[in-house]
Amino acid sequence: MSDPVEPETPETEPTPEADAPDGEVTAEVVGAEAAEDEAVTEEPASEAPAAKEPAAEESAAEEPGPEEAELTEPAVETAPGEEAEPVPVWMQRRWQVTAGIAAVFLMIVAIIGSLLWSLPLNRALEPLSSPVLILVADNGQPIAKRGSYKEAPIDARKLPKAVPDAFVAIEDRRFYKHMGVDPLGIIRAVRANAQAGGVAEGGSTITQQLAKNAFLTNKRSLRRKAQEALIALYLETRLSKDEILSRYLSSVYFGEGAFGLRAASQRYFNKSPEDLSIGEAAMLAGLVKAPSRLAPSVNPDGARERMRVVLNAMVETGAITKAQAARAARSVTIAPGPKKLPTGSYFADWVIPQAREVTAGQYGETIIKTTLDPQLQAQAEKIIRTKLQQDGRMLNVTQAALVAMRPDGRVVAMVGGKDYKESQFNRADGERQPGSSFKLFVYLAALRKGMTPMSPILDAPVQVSGYTPRNHEGKYAGREVPLITAFAGSSNVAAVRLAKEIGPDAIIATARSLGIREEIPKDLTLALGTGPMSLVDLTAAYAAIAAGQAPITPHGLATFTPPVRPRPLGKAELAGMRQMLSSATQRGTGIEAAIPGAFGKTGTTQNYRDALFVGWVGDLVVGVWVGNDNNDAMYGVVGGGLPARIWKEFVSYAVNRDNPKPVAPVEEELPAEEVVADPGAEVPLGPDGQPLAQPPAEAVAEPPKDTPADPPF
């Protein structure tokens, strides 16, 4: 027998062993190599029964007592050789899981309860957020109607008995018996719909309808129906039946923009709901099912047929007798109602947001007086329509816009396109490049830097930082000319040189001071009007020069307070700018618009995509734009052509009608040497140094060649 192996070896960990009984042979490992190569095999339990006794004693010693056994989960028996399956957590801690579920449930109930408790119960009684606005012109003539009509709430207890009876009979016969949701009504509706093969009857109670009208949307979904039922149950716990019915009748829709029973009574019968007859009450109750389709003003036969259905329901519920129903059906007379007004126009769409800002939610109709002049508006629409019909196809012009305002910003006419019914997009308020009409800000900035209309500027080809502007048709004076000459002839190279000299920041600051809000490029291309802006804002900037103060805020409400108080413009800059604007219309590119007292400037964008003329006569400032929505090039149309002719015709009409007094220009005394024209001029000049330009010709046969290098003029 070999020596026993030491229990502690570098290769293996010591294994505790029980004391072996007498006569038991302990397995030994013989030799280090044998220990590595052979596996140690345990003796079967049957061959060593005595070895179990200590284990049994140990097991008995660890067996829990009676008290401990009660707290111990029963052991799961497993077959020999199989591992015991883990016990689920919920079985180990059942009471904790149950408590957690209960806590979550109570939390959900508390959240729902708090949300319901915070619901504004009187929402159905509040005025609409967008009440009816009736826009009237400056002479009081109604021009548009927008919004929904709702009158003051009603009290169901003060109505004739037949009025609530009619609604209960047709909408919710068990109204006074259920608690917000009526299972019997739902079953009845399901049966009726199945027999009809469609939706013939609804299962919603009056309380559910109130919940939907006041707190939910009309979207049909199971989620909304569940919310509707939940809110209805809550309303029944907080309000009495009369309070629920009063809120329902004060907010339900009756068609023709009328919300609530009081508005509907006024609209269809010209009386208050307290004076409704049985037949009138039945007709109004019948509208709830399909208010737009059954409105008496548009479908009197359908309304009467539905009224008879309601009267029969009232007979069935015992609210009235058959004789009363027969008499009621013959006694209803529908009121003619007010004159139909258009719901929108270019001007109405533009002014409605202004009106909403100054009118809080209120009952009934709100009359808003605007600045619109109906005669000027009609004339503007006529001229635009006629000019496009005459010249549109030949010149490839499909759209036009016109805005007319007083020097204080009151808009008196607005045409946003050829036909509002075809397109509601307001081109007078849309952004387009202004072209050379933006030069107003360039030259005004130069005047603010100390220059005068006679200050010299070189009118010759130029390249600035890789940018090469060009004059229209490549014509240059080839020498220095006065600013007034460059402005009248709309020289692009002179404007870019001027912008480089005074800097883009000064020009942007000048535009901002005149009320331009749109983004403006910060490079030299801004001098040629490459930054888009609206015709309304551009015209308001010209109005500032006419008024002699800035900024001018364009507005359409008769009662208006400007957000920024205008400040007077400098005397010298005002006189110089007016002198240059006059030169453009009398001898420059705007000669087509020449009438006595006219001031203005042309604008044409690259490749003839936009053409404008903006200016004023007396106290009327007008801006005109022509072009195409798809940005197609027009056939040689420039600002001094079609836009100038539209402008002149419209302004001439206004002058002949009103004979306005011209705004007296503020003259600036200039040194004698500055008013003398350049003696070496190669082109005919007027006595003030202005070029005697001819009206620009418009090509009418072929579209122009694409000339991307030719900037706006």
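Residues numbered from 1 in each chain as written. Predicted model: local features only at pLDDT ≥ 70, side-chain atom pairs only at ≥ 80, totals over all residues. Heavy atoms only, no water.

Undergrad: Can you lay out the overall build of the chain for me, pointing to particular residues and giving the numbers?
TA: In terms of helices and strands, the chain carries 24 helices and 16 strands. Residue burial in the chain is summarised as follows: out of 713 residues, 45% are buried. Residue pairs in contact within the chain that sit at least 24 positions apart in sequence constitute 71% of those at least 6 positions apart. Accessible surface computed for the chain: about 37400 Å², of which carbon and sulfur atoms make up 53%. (Helix = DSSP H or I, 4+ residues; strand = E, 2+ residues; numbered from the N terminus. Buried < 20%, exposed > 50% of the residue type's maximum accessible area, 1.4 Å probe, protein only. Contact = heavy atoms within 4.5 Å. Areas by Shrake-Rupley, 256 points an atom, 1.4 Å probe, with all protein chains shown as cover.)

Undergrad: Requested: an account of the sheet that holds strand β15 (residues 610–617), with residues and values cited.
TA: Judged by pairing direction, the sheet is antiparallel, and its five strands sit side by side in the order β7-β6-β16-β15-β14 without closing on themselves. The sheet terminates laterally at β7 (411–415) and β14 (598–604), the two strands that pair on one side only. Put simply, the sheet's adjacent strands are angled 10 degrees from each other on average, direction ignored. Bridge count between β15 and strand β16 (residues 620–627): eight bridges; the pairing is antiparallel. The residue of β16 that forms the bridge with phenylalanine 613 is valine 624. Where helix α22 (residues 535–547) meets the sheet, its contacts fall on β6 (399–405), β7, β14, β15 and β16, and the angle it forms with β15 comes to roughly 30 degrees. (Pairing = 2+ DSSP bridges. Axes fitted to C-alpha atoms, helices over the stretch in contact; angles between N-to-C directions.)

Undergrad: Lay out the sheet that holds strand β1 (residues 132–136) in plain terms, naming residues and giving numbers.
TA: Pairing is mixed in the open sheet, where three strands are placed in the order β2-β1-β5. Two strands bound the open sheet, and with one partner strand each, they are β2 (142–146) and β5 (365–369). Along the sheet, successive strands turn relative to each other by an average axial angle of 20 degrees, direction set aside. Of the strand pairs in this sheet, β1 and β5 are connected by five bridges, and their pairing is parallel. Bridge pairing in β5 places leucine 135 opposite isoleucine 368.

Undergrad: Please give an account of the packing of helix α18 (residues 439–448) against helix α20 (residues 492–502) that cites residues and values.
TA: Where α18 meets α20, the closest approach of the two axes is 10 Å, and the angle between their N-to-C directions is 45 degrees. One element, α18, and the other, α20, form an angle in the oblique class. Note that α18 runs across α20; the crossing there is left-handed. Contacts between α18 and α20 involve Lys439, Val442, Tyr443, Ala445 and Ala446 from the former and Asn492, Ala494, Ala495, Leu498, Ala499 and Ile502 from the latter. Here the residues of the contact of α18 with α20 sort into nine nonpolar, one polar and one charged. (Parallel < 35°, antiparallel > 145°, perpendicular 65-115°, else oblique. Left-handed = near helix turned anticlockwise from the far one by under 90°. Nonpolar A, V, L, I, M, F, W, Y, C, P; charged D, E, K, R; others polar.)

Undergrad: Describe empty space enclosed by the protein, and please don't skip the residues or the numbers.
TA: Considering all chains together, one arrives at two cavities of 30 Å³ or more under this definition. Estimated volume of the largest cavity: approximately 50 Å³. Of all the secondary structure elements, the ones that give two or more residues to the lining of the largest cavity are β11 (533–534) and α22. Among the residues making up the lining of the largest cavity, the classes are represented as six nonpolar, two polar and two charged. (1 Å grid on protein atoms, 1.4 Å probe; cavity = no way out; pocket = protein on both sides within 12 Å on 5 of 7 lines; lining within 4 Å. Points joined across faces, edges and corners; volume = space filled by probe spheres on them.)

Undergrad: Any chance you could break down the confidence of the model for the chain for me, citing the residues and the numbers?
TA: Considering every residue of the chain, the mean pLDDT works out to 80; 73% of them sit at 70 or more. Below pLDDT 50 for its whole length, residues 1–76 participates in 15 contacts with residues either more than four positions away or in separate chains. Low confidence marks residues 664–711, where pLDDT is under 50. Its contacts with residues over four positions away, or in another chain, come to 96 contacts. (pLDDT = per-residue confidence, 0-100.)

Undergrad: I'd love a proper account of the pattern of salt bridges, names of residues and values included.
TA: Inspection of every chain in the model, using the stated rule, returns 21 salt bridges. For aspartate 155, the salt bridge identified is with arginine 157, shortest N-O distance 3.1 Å. Between glutamate 649 and lysine 387 there is a salt bridge, and its shortest N-O distance comes to 3.4 Å. Separated by 262 residues along the polypeptide, glutamate 649 in helix α24 (residues 642–658) and lysine 387 in helix α17 (residues 374–395) bring together distant segments of the chain. Using a relative accessible area of 35% as the deciding quantity, one classes glutamate 649 as partly exposed. Exposure remark for lysine 387: the relative accessible area of 14% places this residue in the buried category. Sharing partners across several salt bridges, the network here consists of Asp373, Arg406, Asp619, Arg657 and Asp658. (Salt bridge = Lys/Arg side-chain N within 4 Å of Asp/Glu carboxyl O.)

Undergrad: Outline the environment of histidine 555, supporting the account with residue identities and numerical values.
TA: Here histidine 555 is to be found in the loop between β12 (549–550) and β13 (567–568). Of the residues examined, histidine 555 reaches a relative accessible area of 5% and is grouped as buried. Along the backbone, histidine 555 and valine 411 are 144 residues apart, and their C-alpha atoms lie at a distance of 6.0 Å.

Undergrad: An account of the environment of valine 397 is needed here, citing residue identities and associated values.
TA: Within the element layout of this structure, valine 397 appears in the loop between α17 and β6. Given a relative accessible area of 4%, valine 397 falls into the buried group. Non-local contacts of valine 397, meaning those with residues more than four positions away in its chain, are made with Leu388, Gly392, Val626, Gly627, Asn628, Met634, Val637 and Leu642.

Undergrad: Run through the pairing of strand β9 (residues 456–459), naming residues and quoting values.
TA: Of the two faces of β9, only one is covered, namely that formed by Ile457 and Asp459; the face formed by Pro456 and Leu458 stays uncovered. Across four bridges, the pairing between β9 and strand β10 (residues 479–482) is antiparallel. Each residue of the ladder has a partner; that of leucine 458, found in β10, is glutamate 480.

Undergrad: Just give me the short version of the nonpolar core, but keep the residues and values in it.
TA: Core analysis: the biggest nonpolar cluster contains 81 residues, and Phe441, Tyr443, Ile545 and Met577 have the highest contact counts within it. Looking at which element gives the most residues to this core, the answer is α22, with ten residues. Beyond its immediate stretch of four places on either side in the chain, tyrosine 443 contacts Leu483, Ala486, Phe487, Ala494, Ala495, Leu498, Met577 and Met580. Among the nonpolar cores identified, the runner-up in size contains 50 residues, and Val163, Ile244, Met314 and Val332 belong to it. (Core = buried A, V, L, I, M, F, W, Y, C linked by side-chain atoms within 4.5 Å.)

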